[in-house]
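Geometric and topological summary
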Amino acid sequence: MLLLISPDGVEEALDCAKAAEHLDIVDVKKPDEGSLGANFPWVIREIREAVPAEKPVSATVGDVPYKPGTVAQAALGAVVSGATYIKVGLYGCTTPDQGIEVMRAVVRAVKDHRPEALVVASGYADAHRIGCVNPLALPDIAARSGADAAMLDTAVKDGSRLFDHVPPDVCAEFVRLAHASGLLAALAGSVKQTDLGPLTRIGADIVGVRGAVCEGGDRNAGRIQPHLVAAFRAEMDRQAREHAAGVPAVN
Ligand SMILES: O=C[C@H](O)COP(=O)(O)O
């Protein structure tokens, strides 16, 4: 499982760079603009320059409306700025067809510019609170639009977590559907170390984290701490070893 960490700007990205050996993907976002809030192109560029070249930089395009043209243009901005994972939160899409339309436009805009870039279609585990597409629709939306990964995050960062809205057996179905279509499956949403056992067992490819590696577990007031990134990674590695060894689950 790959570890994706979301700094909110250049300063925190430099802290991620200090913990670079413990993480796999640096994900640029602007949390004060939403769960998948988009940051400025120049911030993506500066972060790309600040983190080791072998670490991919991801950028979120935002909690986007059902406006395929607008979103495609924003996605192009992210890839031109140096991101190679382009994440789109389908916040304003209320049906799978709307999600597919937006994602097809994004895939074309991104891959015309950089064919090897990965496009991530993200939905929300707490979709019922905001009225957007159902979490289990995401793998099909991603597959039918030519995206590379399906993701879930939470839209409302009020302390509720991924598994509060989509329990582990349903997340397992999400991963199964994604893999059946040849997609990567990414899961996030106030994930804590105690969630890593189930996430490992259900075979998620990427876990996305911010709050759990911020001081005090606070994704807004706290800053990303390199030692918390290292501790989170150590627990991921421990869970992976136990899973590989067939040790029975304790959480
Ligand atoms: O993409 C991952 C998100 O930034 C997760 O943030 P969070 O762990 O604070 O919910």
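Residues numbered from 1 in each chain as written. Predicted model: local features only at pLDDT ≥ 70, side-chain atom pairs only at ≥ 80, totals over all residues. Heavy atoms only, no water.

In the nomenclature of an unreviewed UniProt entry, the protein chain corresponds to (5-formylfuran-3-yl)methyl phosphate synthase from the organism Streptomyces variegatus. Recorded in UniProt for the protein chain, the comment headed Catalytic activity (unreviewed entry) runs: "2 D-glyceraldehyde 3-phosphate = 4-(hydroxymethyl)-2-furancarboxaldehyde phosphate + phosphate + 2 H2O". The UniProt entry for the protein chain carries this comment under Function (unreviewed entry): "Catalyzes the formation of 4-(hydroxymethyl)-2-furancarboxaldehyde phosphate (4-HFC-P) from two molecules of glyceraldehyde-3-P (GA-3-P)." (UniProt positions renumbered as here; feature names shortened; annotations may be inferred.)

**Concerning the pairing of strand 2 (residues 25–28)**
Residues Ile 25 and Asp 27 of strand 2 are buried on one face, and the alternating residues Val 26 and Val 28, pointing to the opposite face, are buried as well. Here strand 1 (residues 2–5) pairs with strand 2 via 2 bridges, running parallel. Bridge pairing in strand 2 places Leu 4 opposite Ile 25. Tracing the backbone out of strand 1, into helix 1 (residues 10–18) and back to the parallel element strand 2 gives a crossover that is right-handed. Two strands pair when backbone bridges link them, and strand 2 and strand 3 (residues 57–63) are joined in this way by 3 bridges, in the parallel orientation. Following the sheet pairing, Val 28 is matched in strand 3 by Ala 59. (Buried < 20%, exposed > 50% of the residue type's maximum accessible area, 1.4 Å probe, protein only. Helix = DSSP H or I, 4+ residues; strand = E, 2+ residues; numbered from the N terminus. Pairing = 2+ DSSP bridges. Right-handed = clockwise from strand over helix to strand, strands pointing away.)

**Considering the site of the ligand**
Contacts to the ligand come from 16 residues, most closely from Lys 29, Lys 157, Ser 190, Gly 211 and Arg 219. Taking Ser 6, its side chain carries an N or O atom lying 3.0 Å from an oxygen atom of the ligand. The contact in question runs from an oxygen atom of the ligand to an N or O atom on the side chain of Lys 87, over 3.1 Å. Within the complex, the protein chains bury 99% of what would otherwise be the 300 Å² of accessible surface of the ligand. Here the ligand is seated within the largest pocket. Counting residues per element, the ones that place at least two in the shell around the ligand are strand 6 (149–153) and strand 8 (206–209). Of the residues that constitute the shell around the ligand, the class distribution is 4 nonpolar, 5 polar and 7 charged. (Near = heavy atom within 4 Å. Polar contact = N/O pair within 3.5 Å; in protein donor to acceptor, adjacent residues only side chain to side chain. Areas by Shrake-Rupley, 256 points an atom, 1.4 Å probe, with all protein chains shown as cover. 1 Å grid on protein atoms, 1.4 Å probe; cavity = no way out; pocket = protein on both sides within 12 Å on 5 of 7 lines; lining within 4 Å. Sits in = over half its atoms within 2 Å of the grid points. Nonpolar A, V, L, I, M, F, W, Y, C, P; charged D, E, K, R; others polar.)

**Some thoughts on the confidence of the model for the protein chain**
Here the protein chain shows a mean pLDDT of 96. Residues at 70 or above account for 99%. Across the whole predicted complex the pTM is 0.96, and at the interface the ipTM reaches 0.97. (pLDDT = per-residue confidence, 0-100.)

**Brief notes about the UniProt feature "active site" (unreviewed entry) in the protein chain**
Within the UniProt annotation, "active site" (unreviewed entry) is assigned to Lys 29 and Lys 87. Spatially, the listed residues are clustered: although they cover 59 residues, their C-alpha atoms lie within 9.9 Å of one another. Lining the second largest cavity, out of the annotated residues just given, are Lys 87. Setting aside anything within four residues of it in sequence, one finds Lys 29 in contact with Ser 6, Pro 7, Asp 8, Ser 35, Leu 36, Gly 37, Asn 39, Thr 60, Lys 87, Asp 153 and Arg 219. On the secondary structure map, Lys 87 appears in strand 4 (residues 85–89). Lys 87 has contacts with Leu 4, Asp 27, Lys 29, Leu 36, Ser 58, Ala 59, Thr 60, Val 61, Gly 62, Val 120 and Met 151, leaving out every residue within four places of it along the chain. (Contact = heavy atoms within 4.5 Å.)

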